[in-house]
Amino acid sequence: MDFNMKKLASDAGVFFTRAVQFTEEKLGQAEKTELDAHFENLLVRADNTKNWTEKILRQTEVLLQPNPSARVEEFLYEKLDRKVPSRVTNGELLAQYMTEAANDFGPTSPYGKTLIKVGETERRLGGAERDFIHSSSINFLNPLRNFLEGDWRTISKERRILQNRRLDLDACKARLKKAKAAEAKAAAVPDFNETRPRNYILSASASALWSDEVEKAEHELRVAQTEFDRQAEVTRLLLEGISSTHVNHLRCLHEFAEAQTTYYAQCYQYMLDLQKQLGKLPGTFVGNAESVSPPPDNASPTVAAAASSVAGPAVPTIPVVPTAVGAPGSAPSVEALNASDVKPPASGTRKARVLYDYEAADSSELSLLSDEMITVYSLPGMDPDWLVGERGNQKGKVPVTYLELLS
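These notes cover the structure that comes with them. Source: prediction; values computed, not measured.

Attention now goes to the overall build of the chain. The number of helices and strands found in the chain is eight helices and seven strands. Across the 407 residues of the chain, 27% fall into the buried class. Element-wise, carbon and sulfur atoms account for 57% of the exposed surface of the chain, whose accessible area totals about 26,300 Å².

Have a look at this one:
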């Protein structure tokens, strides 16, 4: 490589001079050209924009990718200008595990069927998350990065040039001040009693020499002032462009909020669909659905009825407490009665609004339509996830999760 040693030495000298000038300004030993208040406000506004953009960008990356190792990997791929490999989301990985577990336990078993249904929903949630991350990266993260790596780097470069121009301008002012002081001193009455001719000649020509130095310093000052004014105007235009940057970031922020709204709306809908599907699966919300073995001979009628309803098809029933009083000190037994035989209690009935449609799994349940009003009440011994619902002369069990209980 061909080095220009003269230019290198000159640049080193200029750098050293500017460093000395900057240090003297910090110590209050040199005058400093101050920028106007509007320019200073633009500088502060630009710095705040840069700092907050960096913080928002970093925290958004944490929100979209909580795994720090994955974020470092994506950062390295971007710096190497290589495509980031496709990564399975946590929801999709959970869906894979649930599907494999269902195949192991038996896809036709109640647990296996439920695992498959939940796994399908987790897979859809993972896909929605992938779309949300992709949309947010394109419409929100990339514009923020482009500002920091593009516009802000340009602004920083021009600000450094302006700083150097200001240091040069102040150095020229200091040089002119010293030259004028020396010229004034040389313009004083010369000492004609000087006995040595050489010193007398120097004293006589000092005024002319310093006059030339003043003219040279004034010319350098005019050039430095012109360069400083030109660079200040360029920097000012760039700083005023921060307003358009805010407008662009505002539009990107709206797109990010819309993408997040769409994502959560999809998740909500997927979970509603899953809730409906689980409500139709037998034994999903029943607390004693795990007990499928036949009851012992001395088991109560309630236990026998519950076990038989899980083990195989039986007549749809709703457990109620009989009116007969049992033995002293013993808990009241519960017998199974048909839904049509159930009488509402004298008090405790409530109105409820149906949140979404529900299709009855058997004749003991009541089909529901969203937004309709029904009367509901609970009976002793019932599963807490179910209530008895009435609509006109129709009556049956309804799931609590499908209702909004009113006063």
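This part is about a nonpolar patch on the surface. Together, V72, F75 and L76 give the surface a local cluster of nonpolar side chains, amounting to about 280 Å² of exposed area. Its place among the elements puts L76 in helix α3 (residues 68-79). The exposure class assigned to L76 is partly exposed, which follows from its relative accessible area of 47%.

For Q277, the position within the fold is in helix α7 (residues 242-280). A relative accessible area of 29% means that Q277 is categorised as partly exposed. Between the alpha carbons of Q277 and Y358 there is a distance of 9.7 Å; along the sequence they are 81 residues apart.

The next thing to look at is the nonpolar core. Counting 35 residues, the largest nonpolar core has F39, F132, F140 and L239 as its most contacted members. Going through the elements one at a time, α2 (37-64), α5 (110-186), α6 (197-240) and α7 are the ones with two or more residues in this core. Here the element with the most residues in this core is α5; it accounts for 15 residues. Excluding anything up to four places from it in sequence, F140 contacts I56, T60, S135, C252, L253 and F256. Formed by 18 residues, the second largest nonpolar core is a distinct cluster that contains V354, V376, L379 and V398.

At a closest axis distance of 9 Å, the pairing of α5 and α7 adopts a crossing angle of 175°. The angle between α5 and α7 falls in the class roughly antiparallel. When the residues that make up the contact of α5 with α7 are grouped by side-chain class, the tally is 20 nonpolar, 11 polar and six charged.

The next point concerns unusual backbone geometry. Positive phi values are uncommon outside glycine, yet D371 reaches one of about 75°. Mapped onto the fold, D371 is located in the loop between β3 (350-354) and β4 (373-377).

On to the packing of α2 against α7, then. Direction vectors running N to C along α2 and α7 enclose 20°, while the axes themselves pass 12 Å from each other. Judged by the angle between their axes, α2 and α7 are roughly parallel. Crossing of α2 against α7: the hand is left-handed. Contacts between α2 and α7 involve R45, A46, T49, T53, T60 and L63 from the former and I242, S243, H246, H249, F256 and Q260 from the latter. Of the residues belonging to the contact of α2 with α7, the class tally is four nonpolar, seven polar and one charged.

Note that strand β5 (residues 386-391) and strand β6 (residues 394-399) share six bridges and pair antiparallel. Along β6, the bridge assignment pairs E390 with K395. Connecting β5 to the antiparallel partner β6 that follows it, the hairpin turn spans two residues, and G392 within it adopts a positive phi of roughly 65°.

What counts, and at which threshold
- Residues numbered from 1 in each chain as written.
- Predicted model: local features only at pLDDT ≥ 70, side-chain atom pairs only at ≥ 80, totals over all residues.
- Heavy atoms only, no water.
- Helix = DSSP H or I, 4+ residues; strand = E, 2+ residues; numbered from the N terminus.
- Buried < 20%, exposed > 50% of the residue type's maximum accessible area, 1.4 Å probe, protein only.
- Areas by Shrake-Rupley, 256 points an atom, 1.4 Å probe, with all protein chains shown as cover.
- Patch = residues over 30% accessible without salt bridge, like charges linked within 9 Å, V, L, I, M, F, W, Y side chains within 5 Å.
- Salt bridge = Lys/Arg side-chain N within 4 Å of Asp/Glu carboxyl O.
- Core = buried A, V, L, I, M, F, W, Y, C linked by side-chain atoms within 4.5 Å.
- Contact = heavy atoms within 4.5 Å.
- Axes fitted to C-alpha atoms, helices over the stretch in contact; angles between N-to-C directions.
- Parallel < 35°, antiparallel > 145°, perpendicular 65-115°, else oblique.
- Nonpolar A, V, L, I, M, F, W, Y, C, P; charged D, E, K, R; others polar.
- Left-handed = near helix turned anticlockwise from the far one by under 90°.
- Pairing = 2+ DSSP bridges.

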